[in-house]
Amino acid sequence: HAILSETTEPRAGKMAVVCMQVAFIVGLLTLAAVAAASASGTPALSFTGGWIWLLPISIFVSGATSAITMLANRRQRYGFIARNQVAAAAVTVVVSIFLGMLDWGASGLFVAYFAGQATAAALQINLLKQLSDRLQMVRASRWRALITRHKAFAFYTMPSELMGNLNLSMPVYALTAIGTPA
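Enquirer: Sorry if this is basic, but what is going on with the overall build of the chain here?
Expert: Within the chain, the secondary structure is distributed over seven helices and zero strands. Going from the N terminus to the C terminus, the chain shows its helices and strands as α-α-α-α-α-α-α. Expressed as a percentage of its 182 residues, the buried residues of the chain come to 32%. A fraction of 79% describes how many contacts in the chain between residues 6 or more apart in sequence connect residues 24 or more apart.

This is the structure in structure tokens:
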């Protein structure tokens, strides 16, 4: 990934910050798209039951989590990475089962998915606080330099990341569509 290709710690930290900033911008663009689709009365959104409004937050959290995980990998925090994945998966499974027993249906799957994501984000924020002395905001000129140097990165990773995220979230959306009366 991009962070691992940086040669120095300051450059890697700046790349992580840029990745988180890009995730925030993509989250805002997604929010605008959801708002536009909602305002236009797009019938395809009706099956989401309002959960689609959490998509921009989910996108930001996923992007920021990926950037922080790559930074943790670079700093050899392998135990943290493993604990984070196990904790997020465990919370998702436990909440899914618990809410399933309470007959929450598809909404329980959404709550469980976002609970797992919130768990991962909370752990990531804790690590980010520990590493914050090494991270700095990135000037616009530095942004351009980083993006220019790594412009091919998105073309190689975006398709697999998109398919991976779709793979994780599609069952929840599909089960919601099946369980929602027409």
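Enquirer: Explain the nonpolar core to me, please; I cannot follow it from the model alone.
Expert: Buried together is how nonpolar side chains tend to be arranged in soluble globular proteins. Ranked by size, the top nonpolar core spans twelve residues in total: Ala12, Ala16, Met20, Ala64, Ala67, Ile68, Leu71, Ala72, Phe80, Ile81, Leu127 and Leu131. With five residues, helix α3 (residues 55–74) is the single largest residue contributor to this core. When residues no more than four places from it in sequence are discounted, the contact partners of Ile81 are Thr69, Ala72 and Asn73.

Enquirer: Would you take a moment to explain the packing of aromatic side chains for this structure?
Expert: Aromatic ring pairs are defined here through the distance separating the ring centres and the angle between the ring planes. Under the defined criterion, the tally for this structure stands at three aromatic pairs. Consider the rings of Phe24 and Phe60, whose centres lie 5.9 Å apart with planes at 85°: the pair is edge-to-face. In this pair, Phe24 sits in helix α2 (residues 9–39) while Phe60 sits in helix α3, placing the two residues 36 residues apart along the sequence. Given the relative accessible area of 46%, Phe24 is considered partly exposed. What makes Phe60 partly exposed here is its relative accessible area of 30%. Through a chain of ring-to-ring contacts, the aromatic side chains of Phe110, Tyr113 and Phe114 assemble into a single cluster.

Enquirer: Would you mind going over unusual backbone geometry with me for this structure?
Expert: In terms of backbone geometry, most residues other than glycine have negative phi values and most peptide bonds are trans. In this model, Gln76 sits at a positive phi of 60°, which is unusual for a non-glycine residue. Among the secondary structure elements, Gln76 is positioned in the loop between α3 and α4 (78–101). Here Asp103, not a glycine, exhibits a phi torsion of approximately 60°, which is positive. Mapped onto the elements, Asp103 comes out in the loop between α4 and α5 (106–131). On the basis of relative accessible area, Asp103 is assigned to the exposed category, the value being 71%.

Conventions and cut-offs
Residues numbered from 1 in each chain as written. Predicted model: local features only at pLDDT ≥ 70, side-chain atom pairs only at ≥ 80, totals over all residues. Heavy atoms only, no water. Helix = DSSP H or I, 4+ residues; strand = E, 2+ residues; numbered from the N terminus. Buried < 20%, exposed > 50% of the residue type's maximum accessible area, 1.4 Å probe, protein only. Contact = heavy atoms within 4.5 Å. Core = buried A, V, L, I, M, F, W, Y, C linked by side-chain atoms within 4.5 Å. Phe/Tyr/Trp six-rings, centres within 6.5 Å; stacked < 30°, edge-to-face > 60°.

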